Amino acid sequence: MADCIFCKIINKEIPSTIVYEDETVMAFRDIKPVAPVHVLIVPKKHIPSVEALDRDNAGVLADIHLAAKKIAEKEGLSGKGFRLINNCGKDAGQTVFHLHYHLIGGRELGEKLI
Ligand code: AMP
């Protein structure tokens, strides 16, 4: 989508630190990391949020999870633990309306989700 910042990152129109890429998924470092490892995993196809998922496009969720596993391995998090977070919609604090999962780790994250 023309005015989507993550589509611009995917199309390499704006810079990012890419840590993983395959046919359907891209992952890059969050510009404002909240932990030593903070990577955003996104589908290459523009899907605004979880609310826009359906039977036809939800297959990418498996790709995102498999990418998360590989990135966690590469970042040295395997066996230590990490968190995979999706914010869906305004009340959840979603600021970029291109589906993305935050992969966060590299320190003890505590037990709270909020
Ligand atoms: P959310 O609040 O779940 O929509 O998360 C959006 C995330 O995108 C935030 O953590 C931002 O720091 C991150 N972000 C915004 N612009 C960029 C960018 N150009 N490169 C990397 N991360 C970004």
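See the structure shown above.
Residues numbered from 1 in each chain as written. Predicted model: local features only at pLDDT ≥ 70, side-chain atom pairs only at ≥ 80, totals over all residues. Heavy atoms only, no water.

With respect to the pattern of salt bridges
For the structure shown, the criterion picks out four salt bridges. Linking E21 and K44 is a salt bridge whose minimum nitrogen-to-oxygen distance equals 2.9 Å. Of the two residues, E21 is situated in strand β1 (residues 18-21) and K44 in the loop between β3 (37-43) and α2 (60-74); the sequence distance between them amounts to 23 residues. Exposure remark for E21: the relative accessible area of 37% places this residue in the partly exposed category. According to the relative accessible area criterion, K44 is partly exposed, its value standing at 26%. D91 is paired through a salt bridge with K90; the nearest N and O atoms lie 3.6 Å apart. Assigned by exposure class, D91 and K90 land together as exposed. Each of K12, E21 and K44 takes part in a single network of salt bridges with overlapping partners. (Salt bridge = Lys/Arg side-chain N within 4 Å of Asp/Glu carboxyl O. Helix = DSSP H or I, 4+ residues; strand = E, 2+ residues; numbered from the N terminus. Buried < 20%, exposed > 50% of the residue type's maximum accessible area, 1.4 Å probe, protein only.)

Notes on the site of the ligand
Taken together, 16 residues form the shell around the ligand, and within it D30, N87, T95, H100 and H102 come nearest. Between the ligand and H100 there is a distance of 2.9 Å, counted from an oxygen atom to a side-chain nitrogen or oxygen. Residue H102 places a side-chain N or O atom 2.8 Å away from an oxygen atom belonging to the ligand. Look at the ligand: alone it shows 510 Å² of surface, and the protein chains cover 84% of it. Among the cavities detected, the one that contains the ligand is the largest pocket. Its residues assigned to classes, the shell around the ligand comprises seven nonpolar, six polar and three charged. (Near = heavy atom within 4 Å. Polar contact = N/O pair within 3.5 Å; in protein donor to acceptor, adjacent residues only side chain to side chain. Areas by Shrake-Rupley, 256 points an atom, 1.4 Å probe, with all protein chains shown as cover. 1 Å grid on protein atoms, 1.4 Å probe; cavity = no way out; pocket = protein on both sides within 12 Å on 5 of 7 lines; lining within 4 Å. Sits in = over half its atoms within 2 Å of the grid points. Nonpolar A, V, L, I, M, F, W, Y, C, P; charged D, E, K, R; others polar.)

Geometry only, nothing functional implied.
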